[in-house]
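# Working through the structure, step by step
Take a look at the letters that make up each chain.
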Amino acid sequence: MKILVTFKVIPDLDQMSAGDYCADERMMVDTSFVRTILNCFDESGLEFGLRLSDEAESLNLVVETTALTVAEKQAELYLKTLAALKYSHTVCVNAEGRDLRFEPESVVESVYKYCKEHPQDYIIMGNQAAPGNNGLTPKILAEKLGVLLLENVIDLHVKEDGELEVTTEEEDGVYVQEISVPAILSIGNAVISKLRVPTLKARMASKEKESEFLEMPGRSGQKKKTLASLRYVNRERAGEILEGEEGLRIFAEKYEKSKRE
């Protein structure tokens, strides 16, 4: 069984004060002075990857885990941590300083290329990640790979026959199903939210393990885009406040008039 988990390193916005939110003409906010953290949904996904590996090992199933990110140098520390936690492969696709907030297709292209060269049985991804929060990456990748997509996954387990037991949360309830086909599992508000911490011994044992660094693939027929500016979309709607009995009378008159028209 081969499992790929994607993750994103993001700035810890809780460390910023209200006065720090000064956007430039591209609506970019300087976050270089705050620490970085794992996107919460991705952190759950990474821990699921480890838990699935542990369960598979207890069932004498062979599992190979890969952690992949599209990022810059700030991801190196996280790659070392994941190597210490015994991820089989740790991979970083160089983001080349690009603003990927509104380019889910570019992120997908990187993951897609890796998956075509290294086929996976299951791909675990967070539902969305800041900044951007477009929530499109798992959907576009599932369509591009032509595989099943399960969204809002909250729990995962390996069964004795090698199938995955997937729990999803939907509007009308919680569903549990077993799958045995290649699929993308999009993590929502999962039952686990924290990644385990490797021991010093584990870190020392993995210090010679090298991560794989790749270049972002170019999108065929399309030149590199640079975001020049952003503007807010005005979503205000016209309205008026009517108070008391007089307001109720005016509302009733307008309602009756609209029905006649």
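Look above for the structure.
Here is a short report on the structure shown in this document. (Residues numbered from 1 in each chain as written. Predicted model: local features only at pLDDT ≥ 70, side-chain atom pairs only at ≥ 80, totals over all residues. Heavy atoms only, no water.)

### What about the environment of Glu-47?
By secondary structure assignment, the location of Glu-47 is in helix 1 (residues 40-58). Taking relative accessible area as the criterion, Glu-47 reaches 9% and is therefore assigned buried. Along the primary structure Glu-47 and Gln-177 are separated by 130 residues, whereas in three dimensions their C-alpha atoms are 20 Å apart. Within the structure, the side chain of Glu-47 is placed 2.7 Å from the side chain of Arg-196, a separation counted as a polar contact. (Helix = DSSP H or I, 4+ residues; strand = E, 2+ residues; numbered from the N terminus. Buried < 20%, exposed > 50% of the residue type's maximum accessible area, 1.4 Å probe, protein only. Polar contact = N/O pair within 3.5 Å; in protein donor to acceptor, adjacent residues only side chain to side chain.)

### What to know about the layout of surface pockets
In this model, the second largest pocket occupies a volume close to 460 Å³. Forming the boundary of the second largest pocket are 23 residues, of which Ile-37, Leu-38, Glu-43, Tyr-78 and Leu-195 lie nearest the centre. Elements with a minimum of two residues in the lining of the second largest pocket: strand 3 (36-38), helix 1 and helix 2 (76-84). Broken down by element, the residue count for the lining of the second largest pocket peaks at 4 residues, all from helix 1. Split by residue class, the lining of the second largest pocket holds 11 nonpolar, 7 polar and 5 charged. (1 Å grid on protein atoms, 1.4 Å probe; cavity = no way out; pocket = protein on both sides within 12 Å on 5 of 7 lines; lining within 4 Å. Points joined across faces, edges and corners; volume = space filled by probe spheres on them. Nonpolar A, V, L, I, M, F, W, Y, C, P; charged D, E, K, R; others polar.)

### A short note on the pairing of strand 6 (residues 122-126)
Of all the 5 residues making up strand 6, 5 are buried; the element is thus mostly covered by neighbouring parts of the structure. Residues of strand 6 alternate between two faces, with Tyr-122, Ile-124 and Gly-126 on one and Ile-123 and Met-125 on the opposite face, all of them buried. Two elements, strand 1 (residues 2-7) and strand 6, share 3 bridges in a ladder whose sense is parallel. The residue bridging Val-5 from the neighbouring strand is Ile-124, located in strand 6. (Pairing = 2+ DSSP bridges.)

### Quick notes on unusual backbone geometry
With a phi angle near 75 degrees, Lys-86 is a residue other than glycine that sits in the positive phi range. Within the element layout of this structure, Lys-86 appears in the loop between helix 2 and strand 5 (89-94). Overall, Lys-86 belongs to the exposed group, its relative accessible area being 70%. With a phi close to 50 degrees, Asn-152 is a non-glycine residue in the positive phi region.

### A short note on the sheet that holds strand 11 (residues 212-215)
Reading across the sheet, the 9 strands line up as 9-8-7-10-6-1-4-5-11 and stay open at both edges, with mixed pairing between neighbours. A strand with exactly one partner marks an edge of an open sheet, and here the two such strands are strand 9 (173-179) and strand 11. Adjacent strand axes in the sheet meet at a mean angle of 35 degrees, parallel and antiparallel pairs treated alike. With 5 bridges joining them, strand 6 and strand 10 (residues 183-187) adopt parallel strand pairing. Bridge assignment links Ile-124 to a residue of strand 10, and that residue is Leu-185. Running at roughly 160 degrees to strand 6, helix 4 (residues 137-145) makes contact with strand 6, strand 7 (148-158) and strand 10 of the sheet. (Axes fitted to C-alpha atoms, helices over the stretch in contact; angles between N-to-C directions. Contact = heavy atoms within 4.5 Å.)

### So, the pattern of salt bridges
Considering all chains together, one arrives at 11 salt bridges under this definition. For Asp-54, the salt bridge identified is with Arg-196, shortest N-O distance 3.0 Å. One end of the pair, Asp-54, is in helix 1; the other, Arg-196, is in the loop between strand 10 and helix 5 (200-205), with 142 residues separating them in the sequence. A relative accessible area of 31% means that Arg-196 is categorised as partly exposed. Where Glu-103 meets Arg-98, a salt bridge forms, and the shortest distance between an N and an O atom there is 2.8 Å. (Salt bridge = Lys/Arg side-chain N within 4 Å of Asp/Glu carboxyl O.)

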